Amino acid sequence: MPSFVPPAAGRPNLPSDIMKTQLLSCSLAALLLFGTYALAAPDPNFHIYLCFGQSNMESGGKMDEIDRTVDKRFQVLADFDSTNRGWKKGQWYDAVPPLAAKGRGICMVDYFGRTMVASLPQIVRGGVVKVSVPGCKIELFEKDSYTNYAATVQPWMKNMIKAYDGNPYQYLLDQAKVAQKDGVIKGILLHQGESNPNDKEWPNKVKGIYDNLIKDLNLKAEEVPFLAGETVNAEQQGACAGFNKIMAELPKPLPNSYVISSAGCTSNPDHMHFNSAGSREFGKRYGEKMLSVLGYKRR
């Protein structure tokens, strides 16, 4: 009968012990990987919309008491730290206006978001990411040539651009990437044009910006509609109403784009900025169009 030979120190008693150890290690690794993925995966029911432009995208209408109540399903990504508001850049908050840390009123985005969440399924939340520079030309958002324009602007605008780390397009892009960790980008909104009143190349410039956003965010153009709103309408004696004819050409170079009518949307006495009532109505129209394009019905 063969004699018993004790195992060497540190060596498993049986080959099965080795297998068990390896299986346990693999299981733990798989669990860790799955847990990390689960934590990092964006919520498909958190719909995000990128918003950019100039002053009307910043704020134009006076904020009233009725504007302070908002569905918690409508969120805004903080654009800057704000001790007054308790905001930390890159964090989501209830979309109580103003939707910019340094803003003072409401704009069409406020009622765009409210219109969206009012008609989307209860399981769906909406979030907005907003970058706006009052008075800027569309060139400020051109990825590869914005510095040429930025070098020509007045000191007050240079300070605004500086606040966006000197590059509003990149700032919007970086904020969008933060947002993508939590949800899915479903559309892009623009309000700009007053500073490009006679620029017939504006539609092509906007297409270039849109194409860069789609590429840089790994999106599919056919899945991300682009909405652009008219300037104050001629019926309201809009100071830049003539530009709306140029804006109407946008869908030619950019097929998945839609122009939102400003007819009937009232303005401030400057006939350039939408007032409170005009901002609310304009925002509803943005929302109604986005709901329609995405296949939802307005409730």
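Located above this text is the structure these notes cover.
(A) Fine view of the overall build of the chain. Looking only at helices and strands, one finds nine helices and seven strands in the chain. Across the 299 residues in the chain, those meeting the buried criterion constitute 49%. Counted over contacts in the chain with a minimum sequence separation of 6, partners at least 24 positions apart contribute 73%. Within the structure as shown, the chain displays about 15,000 Å² of accessible surface, and the carbon and sulfur contribution to it stands at 56%.

(B) Spotlight on the sheet that holds strand β1 (residues 46-53). Taking strand neighbours across the sheet as the criterion, the seven strands line up as β3-β2-β4-β1-β5-β6-β7 in an open arrangement whose pairing is mixed. The open sheet terminates on both sides in strands that have one partner only, identified here as β3 (92-94) and β7 (257-260). Strand after strand, the sheet turns through a mean of 25° between neighbouring axes, direction not considered. Of the strands in this sheet, β1, β2 (74-77), β4 (125-132) and β5 (184-191) are in contact with helix α3 (residues 108-119), which crosses β2 at around 140°. Contacts from helix α7 (residues 202-216) reach β1, β5 and β6 (226-229) within the one sheet, and its direction differs from that of β5 by about 155°.

(C) Molecular detail of the packing of helix α6 (residues 168-180) against α7. Packing of α6 against α7 leaves a shortest axis separation of 11 Å and a crossing angle of 35°. Helix-helix and strand crossings are classified by hand; for α6 and α7 the assignment is right-handed. Facing α6, whose interface residues are Tyr-169, Leu-172, Leu-173 and Lys-177, α7 presents Ile-209, Asn-212, Leu-213 and Asp-216. Classifying every residue of the contact of α6 with α7 by side-chain character gives five nonpolar, one polar and two charged.

(D) Here's a closer look at the packing of α3 against helix α9 (residues 276-294). For the pair α3 and α9, the least separation of the axes is 7 Å and the interaxial angle reads 45°. Taken as axis vectors, α3 and α9 run oblique relative to one another. Crossing geometry of α3 relative to α9 is assigned as right-handed. Contacts between α3 and α9 involve Met-108, Tyr-111, Phe-112, Thr-115, Met-116 and Ser-119 from the first element and Ser-279, Arg-280, Phe-282, Gly-283, Lys-284, Tyr-286, Gly-287, Glu-288, Met-290, Leu-291 and Leu-294 from the second. Here the contact of α3 with α9 is composed, by residue class, of nine nonpolar, five polar and three charged.

(E) Representation of the nonpolar core within the structure. One finds Leu-50, Phe-52, Val-128, Trp-202 and Phe-226 to be the most contacted residues of the largest nonpolar core, which totals 75 residues. Excluding residues that lie within four positions of it along the chain, Phe-226 makes contacts with Phe-52, Ile-188, Leu-190, Val-206, Tyr-210, Leu-250, Leu-254, Asn-256, Ser-257 and Tyr-258.

(F) Region of interest: the environment of Gly-183. Tracing the chain through its elements places Gly-183 in the loop between α6 and β5. On a C-alpha basis, the gap between Gly-183 and Arg-125 in space is 9.2 Å, while along the polypeptide they are 58 residues apart. Ignoring any residue separated from it by four or fewer positions in sequence, one finds Gly-183 in contact with Pro-42, Asp-43, Phe-46 and Ile-48.

(G) Region of the structure containing unusual backbone geometry. Looking along the chain, the bond that leaves Pro-97 and enters Pro-98 is cis, with omega of 0°. Among the structural elements, Pro-98 can be located in the loop between β3 and α3.

(H) Quick look at the side chain of Asn-196. By the element assignment, Asn-196 lies in the loop between β5 and α7. According to the relative accessible area criterion, Asn-196 is buried, its value standing at 3%. Engagement of the side chain of Asn-196 in a polar contact is seen with the side chain of Glu-139, the distance being 3.1 Å. Residues contacting Asn-196, with those up to four places away along its chain left out, are Lys-137, Ile-138, Glu-139, Trp-202 and Phe-243.

What counts as what
- Residues numbered from 1 in each chain as written.
- Predicted model: local features only at pLDDT ≥ 70, side-chain atom pairs only at ≥ 80, totals over all residues.
- Heavy atoms only, no water.
- Helix = DSSP H or I, 4+ residues; strand = E, 2+ residues; numbered from the N terminus.
- Buried < 20%, exposed > 50% of the residue type's maximum accessible area, 1.4 Å probe, protein only.
- Contact = heavy atoms within 4.5 Å.
- Areas by Shrake-Rupley, 256 points an atom, 1.4 Å probe, with all protein chains shown as cover.
- Pairing = 2+ DSSP bridges.
- Axes fitted to C-alpha atoms, helices over the stretch in contact; angles between N-to-C directions.
- Left-handed = near helix turned anticlockwise from the far one by under 90°.
- Nonpolar A, V, L, I, M, F, W, Y, C, P; charged D, E, K, R; others polar.
- Parallel < 35°, antiparallel > 145°, perpendicular 65-115°, else oblique.
- Core = buried A, V, L, I, M, F, W, Y, C linked by side-chain atoms within 4.5 Å.
- Polar contact = N/O pair within 3.5 Å; in protein donor to acceptor, adjacent residues only side chain to side chain.

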